[in-house]
Amino acid sequence: MDSIQTTVRLDEEVLARVKQESEAQGTSLDEALNKLLRQGLAAVAQPKQRQLRMKPHHGGYYPDLSYDCTEALLEHAEGLFHR
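Residues numbered from 1 in each chain as written. Predicted model: local features only at pLDDT ≥ 70, side-chain atom pairs only at ≥ 80, totals over all residues. Heavy atoms only, no water.

Engineer: Sorry, what's going on with a nonpolar patch on the surface here?
Structural biologist: On the surface, a nonpolar cluster with roughly 240 Å² of combined accessible area is contributed by Val 8, Leu 10 and Val 14. Secondary-structure assignment places Val 8 in the segment before helix H1 (12-25). With relative accessibility at 58%, the residue Val 8 sits in the exposed group. (Patch = residues over 30% accessible without salt bridge, like charges linked within 9 Å, V, L, I, M, F, W, Y side chains within 5 Å. Areas by Shrake-Rupley, 256 points an atom, 1.4 Å probe, with all protein chains shown as cover. Salt bridge = Lys/Arg side-chain N within 4 Å of Asp/Glu carboxyl O. Helix = DSSP H or I, 4+ residues; strand = E, 2+ residues; numbered from the N terminus. Buried < 20%, exposed > 50% of the residue type's maximum accessible area, 1.4 Å probe, protein only.)

Here it is, written out as structure tokens:
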């Protein structure tokens with residue numbers, strides 16, 4: 001793979017983390033930085049998926065309420081003037 005030499009200014013904390021990653025992986029600083037940049041760019045390119053968490057809630061049973069009629073359910077839940 002071709003490479004280009006360029007100058008980049010890194011914050012001290014960023015450089016320290018890249019060095020830490022380089023040492024942990026046993027790679028050069030250049031290889032670690034390229035790997036981390038690729039991972040970061042891939043993460044930005046993919047839309048984030050949020051996990052939907054819902055807790056079930058027993059709403060009860062009302063024998064006088066028609067569960068087949070949407071209008072009746074809306075009126076029960078939101079009141080007489082639900083529109």
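Here the narrative resumes, following the displayed structure.
Engineer: In this structure, what is going on with the layout of surface pockets? I would like to understand it.
Structural biologist: In this approach a probe as big as a water molecule rolls over the atoms, and the regions it shows empty are the leftover space. Space inside the largest pocket adds up to approximately 420 Å³. If you go around the largest pocket, you meet 14 residues; those closest to its centre are Thr 6, Val 8, Asp 30, Leu 33 and Asn 34. Breaking the lining of the largest pocket down by element, the ones donating at least two residues are H1 and helix H2 (29-45). Considering every element that reaches the lining of the largest pocket, the biggest residue donor is H2, with 5 residues. (1 Å grid on protein atoms, 1.4 Å probe; cavity = no way out; pocket = protein on both sides within 12 Å on 5 of 7 lines; lining within 4 Å. Points joined across faces, edges and corners; volume = space filled by probe spheres on them.)

Engineer: Mind showing me how you'd approach the environment of Ala 24 here?
Structural biologist: Note that Ala 24 resides in helix H1. Measuring from C-alpha to C-alpha, the distance between Ala 24 and Pro 56 comes to 44 Å, with 32 residues separating the pair along the chain.

Engineer: Quick question: what am I supposed to make of the environment of Ser 22 here?
Structural biologist: The topology assignment puts Ser 22 in helix H1. Spatially, the C-alpha atoms of Ser 22 and Lys 35 are 9.8 Å apart, while their sequence positions differ by 13 residues. With sequence-adjacent residues up to four places away left out, Ser 22 is seen in contact with Thr 27, Ser 28, Leu 29 and Ala 32. (Contact = heavy atoms within 4.5 Å.)

Engineer: Please clarify how the confidence of the model for the chain should be interpreted in this entry.
Structural biologist: Detailed reading of the predicted model is not advised wherever pLDDT is low. Averaged over all residues, the pLDDT of the chain is 88; the fraction at 70 or higher stands at 99%. Across the chain, element-level confidence peaks in H1 with a mean pLDDT of 96 and bottoms out in helix H3 (residues 70-78) with 84. (pLDDT = per-residue confidence, 0-100.)

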